[in-house]
Amino acid sequence: FNGNDNDGGPTVTLEFAGNIGDSTSGIARTYVCANRDALIVSVLDSARSLANNKSATLTAVGTAGYRLLGVPSTGEQARGDLFHPDPVQIQCLKSLHQISCAAVAYLDSYGYSSFDANRPVNVIEECDVVVDACHVFNANVLPNAVGVLDTERKIVGALLEALWVLLIKLCLSLPASRRSGSGDSTALSAQHRSSVERAATPLFQALFRLCCTATGFRTAVDCQDTLD
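Everything numeric here is computed off the predicted structure, so don't read it as measured data.

The rules behind each value
- Residues numbered from 1 in each chain as written.
- Predicted model: local features only at pLDDT ≥ 70, side-chain atom pairs only at ≥ 80, totals over all residues.
- Heavy atoms only, no water.
- Helix = DSSP H or I, 4+ residues; strand = E, 2+ residues; numbered from the N terminus.
- Buried < 20%, exposed > 50% of the residue type's maximum accessible area, 1.4 Å probe, protein only.
- Areas by Shrake-Rupley, 256 points an atom, 1.4 Å probe, with all protein chains shown as cover.
- Core = buried A, V, L, I, M, F, W, Y, C linked by side-chain atoms within 4.5 Å.
- Contact = heavy atoms within 4.5 Å.
- Phe/Tyr/Trp six-rings, centres within 6.5 Å; stacked < 30°, edge-to-face > 60°.
- Salt bridge = Lys/Arg side-chain N within 4 Å of Asp/Glu carboxyl O.
- Arc of directions from axis to C-beta.
- Disulfide = S-S within 2.5 Å.
- Polar contact = N/O pair within 3.5 Å; in protein donor to acceptor, adjacent residues only side chain to side chain.
- Axes fitted to C-alpha atoms, helices over the stretch in contact; angles between N-to-C directions.
- Parallel < 35°, antiparallel > 145°, perpendicular 65-115°, else oblique.
- Left-handed = near helix turned anticlockwise from the far one by under 90°.
- Nonpolar A, V, L, I, M, F, W, Y, C, P; charged D, E, K, R; others polar.

Each helix and strand in the protein chain was counted, giving nine helices and three strands. Shown N-terminal to C-terminal, the secondary structure of the protein chain runs as helices and strands in the order β-β-β-α-α-α-α-α-α-α-α-α. Residues counted as buried form 37% of the 228 residues belonging to the protein chain. Within the structure as shown, the protein chain displays about 12,800 Å² of accessible surface, and the carbon and sulfur contribution to it stands at 55%.

See the structure below:
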C-alpha cells in the first residue's frame, strides 16, 4: 500500500506482489478515499486476520522502481559464486549493509555535510542514500521469504545494529533553526518531524524484515541500542 494526496483527494494504491511468473505480480490499483487511513487499516486487518497474509505492508512508495528481476521466489537458492550469483535478496542485503555502515561511520567521524563542507552535518540528508537502499531491500525481500538471509549471519547482525544507530541519530536530530540558534519555529519543527518520519519509515520496515530471521531476532534481543 502507498498513499498520496492530489487534487482529487487522498489516494491509496494497492500493489499485488507475487513470485516470479505470477500474473498478478506488480499490478497496482489506485483509489480515491476521503477516509484513507481507515481504509488502509481495514484492508491490512483483513489481510492479516482473515487471509493470514504476513506480506501485506504499508509503504510510501511503490516497488516498481526498486524491484530487481521481479519479486524473488521463496524456493531454494544457490550459494553465490563465480557462476552462480548471489540471490537478489543477498545482493540487496550486502548493498544495504555497506551503505548503512558507511553512513554510521561518517556521522560518527565528521561534523560537516558530505555535500558541502561549509554546512553542518544534516542527519536526514546523510541518511537519504540509506533510505533509497532500504526501499530496494524492502521491495525485493518479502517478510515471508527472509529465511535466505540467515546464510549471512554476520551481515544481518551488523546491519541491524547500524540501522538502529541511524534511527537513534534521526530521532535525536534537531531542526535547522535550533542548530543555528535562531530560535524554535513551529513550522520548521513540524517540517523536520515530517522529514524524520519519512526517513525512519523504510528503516523500520527493513528492521522488521531482518528481525523475521532467526539471526536478526537474536541480535535485536541482545543489542544494547535496542534495549536503550
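This paragraph deals with the nonpolar core. Core analysis: the biggest nonpolar cluster contains 40 residues, and Leu93, Phe137, Leu149, Leu163, Leu203 and Leu210 have the highest contact counts within it. Of the residues forming this core, the biggest block, 10 residues, is contributed by helix α5 (residues 153-172). Apart from the residues within four sequence positions on either side, Leu210 is in contact with Leu93, Phe137, Leu149, Val156, Leu159, Leu160, Leu163, Gly216 and Phe217.

Before going further, it helps to spend a moment on the environment of Cys33. Summarising the element assignment, Cys33 is placed in the loop between β3 (28-32) and α1 (36-49). For Cys33, a relative accessible area of 19% puts it in the buried group. The spacing of Cys33 and Thr11 is 22 residues in sequence and 5.9 Å in space, taken between C-alpha atoms. Sequence-distant contacts of Cys33, that is, excluding residues within four places in its chain, are made with Pro10 and Leu39.

Aromatic ring pairs are defined here through the distance separating the ring centres and the angle between the ring planes. Taken as a whole and judged by the stated rule, the model has three aromatic pairs. For the pair Trp164 and Phe204, a centre-to-centre distance of 6.3 Å together with 85° between the ring planes defines the contact as edge-to-face. Here Trp164, found in helix α5, pairs with Phe204, found in helix α7 (residues 186-211); they are 40 residues apart in sequence, far enough to count as distant. On the basis of relative accessibility, which here comes to 19%, the residue Trp164 falls in the buried class. An aromatic cluster is defined as three or more aromatic residues linked by ring pairs; in this entry it consists of Tyr106, Tyr110 and Tyr112.

With that out of the way, let us pick up the pattern of salt bridges. Enumeration over the complete set of coordinates arrives at five salt bridges. Measuring nitrogen to oxygen at the nearest pair gives 3.3 Å for the salt bridge that ties Arg193 to Glu197. On the criterion of helical spacing, the pair formed by Arg193 and Glu197 is a turn pair, its members being four residues apart in helix α7. A residue is classified by how much of its surface remains accessible, and Arg193, at 59% relative accessible area, is exposed. According to the relative accessible area criterion, Glu197 is partly exposed, its value standing at 43%. Put simply, Asp116, Arg119 and Glu125 are held in one network by salt bridges that share partners.

What follows concerns helix α8 (residues 214-222). Restricting attention to buried positions, one finds in α8 the residues Thr215, Gly216, Thr219 and Ala220. Taken around the axis of α8, the buried residues stretch over an arc of 130°, which confines them to a single face. Opposite the buried face of α8, by more than 90 degrees, sit the exposed residues Phe217 and Asp222.

In total, this model carries zero disulfides according to the counting rule given. Residue Cys134 stays outside any disulfide, its sulfur separated by 9.1 Å from that of Cys127, the closest cysteine.

In this fold, Val121 is placed in the loop between α2 (88-109) and α3 (123-126). Residues Val121 and Tyr106, spaced 15 residues apart in sequence, show a C-alpha to C-alpha distance of 9.7 Å.

Attention now moves to the side chain of Asn140. Structurally, Asn140 is set in helix α4 (residues 128-140). In this structure the side chain of Asn140 is engaged in a polar contact, spanning 3.0 Å, whose partner is the backbone oxygen of Tyr66. Here the side chain of Asn140 touches Val136 through a polar contact of 2.7 Å, landing on its backbone oxygen.

Here the focus is the packing of α2 against α5. At a minimum axis distance of 9 Å, the contact between α2 and α5 shows a crossing angle of 45°. One finds that α2 runs oblique with respect to α5. α2 and α5 meet at a crossing whose hand is left-handed. Contacts between α2 and α5 pair Leu93, Lys94, Leu96, His97, Ser100, Cys101, Ala103, Val104, Leu107 and Asp108 from the former with Ile155, Val156, Ala158, Leu159, Ala162, Leu163, Val165, Leu166 and Lys169 from the latter. Taken together, the residues of the contact of α2 with α5 break down into 14 nonpolar, two polar and three charged.

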